[in-house]
Structure formats: structure tokens, C-alpha cells
Amino acid sequence: MIQATSRQSIPKEWMDPIGPNVGYAKPEFREQVLEMAKKGSAAHFDRLRDRLENGVIKTPLTAEQKQYLKENFDLKNMSWEDYQSLIGKLCEFGVLDQEDKDFLHCGFSGLEMTPVDLSGPTCTASLYTAPVRDPWSFDSWKGDVLGWMKFLSSFQSWDSDSQSWRKTDEARLFGKVRDLLDAIA
């Protein structure tokens, strides 16, 4: 299953969608989809890795911004549109880069999908026990953005260099945003 690729749009005829944000590459187009994903995601993930190492949350929220977020967003009862608006506000406030939206699942539009790092192992694991049936689905969390982010921040991948598990870069980003939002919840 192809869960994601770069901001490039995959031709619809190459995909067999199974939901609004997930689909399978049709067998006859699998190699083309994988090649697009490899080319597009490598540079995107390198930039995320650099931002994570150099402080992805570059600007702390002011007291006024925290108050605005607290008054305008219910982090335990949020619609998908509200979540996208929240991430947009964090970008507007200078806390996140526009490019971070892709990794925070705000880049979906038709078959444009979120990047997946295909340069290393594609197997990940999570030790977090999700209290919902389909923990990947935003809708399953019934608006609990903090719970959803906690789940998404728990993923680790095997680092063959250190012979240990480490948080994925996307999980690290979700963790940083969750920590930021915990402070205003």
C-alpha cells in the first residue's frame, strides 16, 4: 500500500483509492509510483531532519497567541477543518514552516499525499496502545487532537547504524507540536 509520496500529484489512473487519503498503486503502475515517491520524498525529509536538528519550533508562542489558540480551538473536540486551521495558525505565527504541514497531514488534496521517508527502513513500530479502532484515522479520535498526536508521535523505526529503535522524524515533529499544544490545553 502506498500511504504517501511527495507533494507531486500521482495520476488518478495509477491509483486505486480506498479512502480519502489512502490508496493502493495499481500493479501496472507500482514501479512509477515508487520511483516518484523515492525522488520526491528524499529531499523533503532531509529538510525536515535539518529543521528537527536545528529547532523546528523556531518561535515560542506569545501569551496573546496562546490565549487566541485557547479561545478558538478545542483540542479535545476538533473537526478536520479546525485541525487544518490550527496548523495554519501555527505557521502564520511563525512557529512552524509551511512545509511542516505536509508532515502533519495537512497536505492532502485529492491524491496528493504526505511524504514517507523511503531512504531507510520502511517498517515502523509503535508501543502506544490506541484506545480507538483505527488509530491512523483522524475521525476515529473523535476530535481529540492531542490523543491523535500522542499516537502519531510514538512511532519508531529501526536504525541499522546504531542497532536500536529511534523515533521517526515525523513522530518527532508530531511530538513537538503536541508538547506545544499541551501547554495551551
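Because the structure is predicted, anything quoted here is derived from the model rather than measured.

(A) Molecular detail of the overall build of the protein. Across its full length, the protein holds 6 helices and 5 strands. Expressed as a percentage of its 185 residues, the buried residues of the protein come to 44%. Expressed as a percentage of contacts within the protein between residues at least 6 apart in sequence, the contacts between residues at least 24 apart total 62%. About 10,000 Å² of surface is accessible on the protein, with carbon and sulfur atoms providing 49% of the total.

(B) Broad picture of helix α5 (residues 145-152). Counting buried positions along α5 yields 7 of 8 residues, so the element is predominantly enclosed. Within α5, the full set of buried residues consists of V145, L146, G147, W148, M149, F151 and L152.

(C) Seen up close, the packing of aromatic side chains. Within this structure, the stated rule accounts for 11 aromatic pairs. Centre to centre, the rings of W14 and F29 are 5.5 Å apart; their planes meet at 15°, and the pair counts as stacked. Here F29 lies in the loop between β2 (23-25) and α1 (30-53) and W14 lies in the segment before β1 (15-17), a separation of 15 residues in the sequence. Members of the aromatic cluster, each reached through a chain of ring pairs, are W80, Y83, F138, W148 and F174.

(D) Main features of the nonpolar core. Core analysis: the largest hydrophobic core is formed by 35 residues, its most contacted members being Y83, I87, L90, L96, M149, V177 and L181. Of all hydrophobic cores here, the second largest spans 6 residues; its members include W14, M15, A25 and M36.

(E) Broad picture of the environment of S137. Assignment of secondary structure puts S137 in the loop between β3 (124-126) and α5. Residue S137 is classed as partly exposed on the basis of its relative accessible area of 22%. Sequence-wise, S137 and W148 are 11 residues apart; in three dimensions their C-alpha atoms are separated by 8.5 Å. Looking at S137, its side chain comes within polar contact range of the main-chain nitrogen of D139, at 3.3 Å.

(F) Representation of the confidence of the model for the protein. Residues of the protein with pLDDT of at least 70 account for 72%, and the chain-wide mean is 77. Here β3 stands out as the element of the protein with the lowest mean pLDDT, 54, in contrast to helix α2 (residues 63-72), whose mean of 94 is the highest. Below pLDDT 50 for its whole length, residues 1-7 participates in 30 contacts with residues either more than four positions away or in separate chains.

(G) Examining the packing of helix α3 (residues 80-92) against α5 more closely. Running from amino to carboxyl end, α3 crosses α5 at an angle of 70°, the nearest separation of the two axes being 12 Å. Relative to α5, the element α3 is oriented roughly perpendicular. Across the interface between the two elements, W80, Y83 and I87 from α3 touch V145, W148 and M149 from α5.

Definitions and limits used
- Residues numbered from 1 in each chain as written.
- Predicted model: local features only at pLDDT ≥ 70, side-chain atom pairs only at ≥ 80, totals over all residues.
- Heavy atoms only, no water.
- Helix = DSSP H or I, 4+ residues; strand = E, 2+ residues; numbered from the N terminus.
- Buried < 20%, exposed > 50% of the residue type's maximum accessible area, 1.4 Å probe, protein only.
- Contact = heavy atoms within 4.5 Å.
- Areas by Shrake-Rupley, 256 points an atom, 1.4 Å probe, with all protein chains shown as cover.
- Phe/Tyr/Trp six-rings, centres within 6.5 Å; stacked < 30°, edge-to-face > 60°.
- Core = buried A, V, L, I, M, F, W, Y, C linked by side-chain atoms within 4.5 Å.
- Polar contact = N/O pair within 3.5 Å; in protein donor to acceptor, adjacent residues only side chain to side chain.
- pLDDT = per-residue confidence, 0-100.
- Axes fitted to C-alpha atoms, helices over the stretch in contact; angles between N-to-C directions.
- Parallel < 35°, antiparallel > 145°, perpendicular 65-115°, else oblique.

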